[in-house]
Amino acid sequence: SQKIEQNSEALNIQEGKTATLTCNYTNYSPAYLQWYRQDPGRGPVFLLLIRENEKEKRKERLKVTFDTTLKQSLFHITASQPADSATYLCAFLSSDTGNQFYFGTGTSLTVIP
Amino acid sequence: GAGVSQSPRYKVAKRGQDVALRCDPISGHVSLFWYQQALGQGPEFLTYFQNEAQLDKSGLPSDRFFAERPEGSVSTLKIQRTQQEDSAVYLCASSLGWSSNQPQHFGDGTRLSIL
């Protein structure tokens with residue numbers, strides 16, 4: 001079965017530092033991998049998408065890498081701010097088993113002022 | 001423009017009752033997904049519609065769960081004879097099309113509590 005693992009522990013970092021979140025997957029090679037942000041009591045919000053042939057994607061202070069050999073994606077937030085505190089989810093679509101989007105369990109990030 | 005709207009935001013029901021959860025997707029979005037999210041977990045796929053066609057319902061946990069999207073826009077997720085293990089947040093998402101490169105737009109969910 002598909003499995004996506006994210007940092008199991010909550011991540012606490014100091015404001016201004018770079019936060020790095022990991023997403024590891026098994027049993028499939030997705031063509032695309034997506035990252036979402038989820039705040040308490042709200043639905044996930046799309047942040048970034050990276051294709052399998054892209055090594056890196058950037059959007060403002062966000063950077064995503066995708067290593068298909070390691071079956072891993074890293075999500076970086078540079079110059080972190082308290083407003084970045086949220087849960088971050090990675091997800092991909094598994095076309096070999098139909099139309100299911102698989103989400104990781106999420107990593108809770110807290111940026112300390 | 002308006003995002004994905006879900007109602008009710010909170011629903012409390014007694015075990016054995018039937019419940020219906022509504023999702024209004026973004027206008028023009030072809031694809032619609034339902035997810036179940038337990039506390040501290042990521043969303044788990046339940047079912048997928050492309051327009052009015054339910055193309056995948058493999059994630060529905062039992063035959064007590066039923067979803068429909070009769071006119072290809074609003075969708076309803078119905079749970080019959082609710083059980084305590086059905087307590088969770090139910091999320092709806094829509095996207096322009098079905099493709100792994102299409103971002104999904106989520107509603108804020110319905111928090112279902114079964115007493």
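Residues numbered from 1 in each chain as written. Chains lettered and ligands numbered in written order. Predicted model: local features only at pLDDT ≥ 70, side-chain atom pairs only at ≥ 80, totals over all residues. Heavy atoms only, no water.

**Focus: the state of the cysteines**
All names here are of chain A.
Next, step 1: For the structure on display, the rule yields two disulfides over all chains.
Next, step 2: Across the disulfide, C23 is cross-linked to C90 (sulfur-sulfur distance 2.0 Å). Residues C23 and C90 are joined by a disulfide whose S-S torsion is about 75°; by sign, that bridge is right-handed. In this pair, C23 sits in strand β3 (residues 19-26) while C90 sits in strand β9 (residues 86-94), placing the two residues 67 residues apart along the sequence. Each member of the pair C23 and C90 is classed as buried. (Disulfide = S-S within 2.5 Å. Helix = DSSP H or I, 4+ residues; strand = E, 2+ residues; numbered from the N terminus. Buried < 20%, exposed > 50% of the residue type's maximum accessible area, 1.4 Å probe, protein only.)

**A closer look at the nonpolar core**
Next, step 1: With 24 residues, the main nonpolar core has I4(A), L33(A), W35(A), F75(A), I77(A), Y88(A) and L109(A) as its most contacted residues.
Next, step 2: Mapped onto this core, the elements with two or more residues apiece are β3, β4 (32-38), β5 (45-51), β7 (62-67), β8 (72-77), β9 and β11 (107-112) of chain A.
Next, step 3: I4(A) has contacts with C23(A), N24(A), Y25(A), C90(A), F92(A), Y102(A), F103(A) and G104(A), leaving out every residue within four places of it along the chain.
Next, step 4: Membership of the second largest hydrophobic core comes to 19 residues, among which are V4(B), A67(B), C92(B) and L112(B). (Core = buried A, V, L, I, M, F, W, Y, C linked by side-chain atoms within 4.5 Å. Contact = heavy atoms within 4.5 Å.)

**A word on the pattern of salt bridges**
Next, step 1: Enumeration over the complete set of coordinates arrives at nine salt bridges over all chains.
Next, step 2: By sharing partners, the salt bridges in this structure join E56(A), R58(A) and K63(A) into a single network. (Salt bridge = Lys/Arg side-chain N within 4 Å of Asp/Glu carboxyl O.)

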